[in-house]
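Now for the letters of each chain:
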Amino acid sequence: MVKYIPSSLDDALKFLAEHDAYICAGGTDLMVLKRNIAGHLPKFDKDVIYVSNLKEISKIYEDDKYVHIGATATLDEIYNNKLTPELLKKAIGEVASVNIRHFATLAGNIANASPAGDTIVIDYLLDAELILKSVRGERAVKAKDFVLGVRKIDRQKDELITEILFPKTKYDAGMWYKVGSRKADSISKVSVAGIYSIQGGKVSKFALAYGSSAITVRRSEALEKEITGLSQKELANRIEEFVEKYSQTISPIDDQRSTKDYRLLVAKNITRKFLKEVVEAKHE
Ligand SMILES: Cc1cc2nc3c(=O)[nH]c(=O)nc-3n(C[C@H](O)[C@H](O)[C@H](O)COP(=O)(O)OP(=O)(O)OC[C@H]3O[C@@H](n4cnc5c(N)ncnc54)[C@H](O)[C@@H]3O)c2cc1C
């Protein structure tokens, strides 16, 4: 079994073209998944390529349309970069602990495709796109199309995520709520992120996304369309209707961390709180 540390992006892509290998970035998911009995190295059943040293794909920069976040930038580096969207910073600030965030990556979070992955909720909410490269070329895929199910992603064996792109979306306010067992170092029981803008007393932008509430993040473009354009007064009269409608877009489960009923109740409470905030917003 080969354990490979590439010297460049080209070298990494060449290796991936020739080997069916696990990609290890921070290793904070992969090493847990492949853990061995105490005192022994992780058990890999195929080759491994360690990409965290690839500086070419670690940069955080912007152009006219996007903030680009390199696949090997650590969550700590992303958190401390002034270009990072504020909502993404909020979510990262509640991922694991600082120690883990010094290794973990944004690409690793979405490629792990856990229903409880915190930053995936922000990827969906802000319409992030992933760039995947291979020796065959490169392609862009929307975050919402990349996650196909629990630990299932739209990635060919020879592809490497090199960047995650966040459109420079403007909005008045955003929220991020994560409910876990503790304040820190806790996996989400439910997470909800939202953005809105108000113009002339009307909702001019609205989006909500739910994590840990279904097999992948849930976002309803139909409901967003229904809410966008309503006056704050109209929305005030329909809060309970939308709380109910949103609750039907998610399908939480019972597991070791929480119950379906608790998750549903929390999701509804957060949705109600957010809609009230939109109704009461003073922005013009
Ligand atoms: C104690 C602890 C607490 C945690 N708490 C949280 C939490 O609160 N919230 C949360 O969301 N997560 C949490 N996690 C999970 C984990 O830290 C995150 O999912 C992290 O972002 C994974 O990034 P990584 O770089 O370590 O991924 P890795 O473990 O290196 O990889 C994860 C998956 O992504 C793939 N991958 C990585 N990079 C690429 C790439 N460039 N291209 C293609 N595929 C790639 C790997 O092949 C693997 O399948 C926790 C983990 C631990 C150990």
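Residues numbered from 1 in each chain as written. Predicted model: local features only at pLDDT ≥ 70, side-chain atom pairs only at ≥ 80, totals over all residues.

Let us look at the domain arrangement of the chain. According to the domain assignment, the chain contains domain 1 (3-167) and domain 2 (173-280). Between domain 1 and domain 2, the C-alpha centre-to-centre distance is 26 Å. Counting residues at the interface gives 18 residues for domain 1 and 19 residues for domain 2. Counting residues per element, the side of domain 1 that touches domain 2 draws most heavily on helix α7 (residues 118-125), at six residues. (Domains from an automatic or database assignment. Contact = placed C-beta atoms within 7 Å. Helix = DSSP H or I, 4+ residues; strand = E, 2+ residues; numbered from the N terminus.)

On to the pairing of strand β10 (residues 160-167), then. Burial within β10 is extensive, with seven of its eight residues counted as buried. Two strands pair when backbone bridges link them, and strand β5 (residues 66-70) and β10 are joined in this way by five bridges, in the antiparallel orientation. The residue of β10 that forms the bridge with Ile69 is Ile164. Summarising the sheet, strand β6 (residues 129-134) and β10 pair through five bridges and their orientation is antiparallel. Looking across to β10, one finds that Ile131 is bridged to Glu163. (Buried ≥ 20, exposed ≤ 12 C-beta atoms within 10 Å, placed from the backbone. Pairing = 2+ DSSP bridges.)

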